[in-house]
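The primary structure of each chain is shown beneath.
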Amino acid sequence: MFKLPLLIAMVITLAGPAHGYGNAGHMAVGTIAEHFLKGTRAEREVRALLRPKEGLDRAATWADRAKLPDKYLTEEMKKFVANNPEHHIYHYCDIPFQEKAYREGITGTNPQDIVHTMRNCIEILQNPEDKSDNRLKINKRVALMLISHYMGDLHQPLHVGCSYLDEEDHFVDPETGAKGLADAGGNHFRITTTTSLHGYWDTQTVKLAHDDAGAADFVEFLVGKFPPTPEWDAKGPVTTWPEQWATDTLGLASQCFDGITPTDRVLVPKDEKEEEHFEWKVKLPAHYPNKSRDVVEVELAKAGYRLAALLKAVWPEK
Ligand SMILES: [Zn+2]
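Caption draft 1: Here's a closer look at the coordination of the zinc ion. Donor atoms from the polypeptide that bind the zinc ion are His-91 (ND1), His-149 (NE2) and Asp-153 (OD), placed at 2.0 to 2.2 Å. Read from N- to C-terminus, the donor residues coordinating the zinc ion fall into the pattern H-x57-H-x3-D. One end of the pair, His-91, is in the loop between α6 (75–83) and β1 (95–96); the other, His-149, is in helix α8 (residues 140–154), with 58 residues separating them in the sequence. Judged by relative accessible area, which is 1%, His-91 ranks as buried.

Caption draft 2: Seen up close, the sheet that holds strand β3 (residues 164–165). Taken in spatial order, the three strands make up an open sheet running β4-β3-β5, and their pairing is antiparallel. Two strands in the sheet have a free side with no partner beyond their single neighbour: β4 (171–172) and β5 (181–182).

Caption draft 3: Inspection of the packing of aromatic side chains at higher detail. With the rule as written, the count across this model stands at 13 aromatic pairs. Pairing Phe-97 with Phe-171 gives two aromatic rings, centres 5.4 Å apart and planes at 90°, and the pair type is edge-to-face. Here Phe-97, found in the loop between β1 and α7 (114–126), pairs with Phe-171, found in strand β4; they are 74 residues apart in sequence, far enough to count as distant. Judged by relative accessible area, Phe-97 falls into the buried class, the value being 12%. Residue classification places Phe-171 among the partly exposed residues on the basis of a relative accessible area of 25%.

Reading guide: rules and limits
- Residues numbered from 1 in each chain as written.
- Predicted model: local features only at pLDDT ≥ 70, side-chain atom pairs only at ≥ 80, totals over all residues.
- Heavy atoms only, no water.
- Donors = N, O, S within 2.8 Å, 3.2 Å for Na, K, Ca; no water.
- Helix = DSSP H or I, 4+ residues; strand = E, 2+ residues; numbered from the N terminus.
- Buried < 20%, exposed > 50% of the residue type's maximum accessible area, 1.4 Å probe, protein only.
- Pairing = 2+ DSSP bridges.
- Phe/Tyr/Trp six-rings, centres within 6.5 Å; stacked < 30°, edge-to-face > 60°.

Structure representation (structure tokens):
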């Protein structure tokens with residue numbers, strides 16, 4: 001009985017919109033990483049791959065800019081898109097928020113998800129040669145820009161965790177055998193006609209944190225308020241770090257659904273952007289803005305620090 005909607009939901013989950021932190025969030029991650037890279041070999045390697053006036057802040061928005069209509073794309077982006085027609089799905093995974101860890105093959109993971117794609121980017125950066133004979137068919141420069149972006153996405157709780165709803169619109173965990181429809185990382189939960197829960201976490205939370213400060217002041221605030229702690233560091237080979245960090249972010253995903261009750265399920269017909277799918281209305285509890293802002297501030301600081309840590313692991317001091 002659930003089969004068809006579930007199949008549709010799976011298709012939507014793969015094809016649906018997912019943007020990640022807006023430009024302000026991604027750029028903050030890139031600038032924070034540059035702060036922690038100062039004076040290192042990794043900083044020099046990054047500089048050699050980027051263009052003269054291009055910083056990691058700009059690099060960190062490349063993967064989203066590559067989603068724009070063809071007429072806005074650079075030749076470099078066009079090549080990437082042609083070789084990676086499913087690049088939209090590289091930005092996330094959809095693990096049931098009740099789960100405790102990212103595990104290979106679990107509901108909401110796939111070989112093209114954010115963790116696998118980040119791992120591929122690391123391998124490309126680690127390779128002594130700069131060749132494009134990899135899964136993504138990209139060179140080191142594109143791998144650097146992609147990972148600078150995905151690092152931000154990996155720290156947006158709804159890019160890792162997702163809710164699944166049963167026929168009565170209750171949250172279920174498909175890993176326990178229950179069947180449910182995916183909310184596409186909150187994309188199918190409407191707060192207003194123009195804002196989804198996912199969009200709220202991508203941009204509203206960053207705006208709440210940003211509070212009209214300039215980009216430089218925002219980064220200074222984040223770096224000053226949230227110095228790195230030992231828990232921010234991953235263990236073992238660098239190719240396993242994205243998986244560890246996905247698990248860390250998944251721990252926050254349940255908070256995104258805390259106090260949220262989906263209601264008014266409607267079937268949305270297929271249009272040029274999405275397949276047919278269900279959407280629900282949600283109302284944010286009073287504590288939600290402050291709580292989500294607090295989460296996002298730490299996550300942005302963490303993502304910037306971790307991007308630098310990853311690049312220093314790829315290019316250790318000689
Ligand atoms: Zn993204």
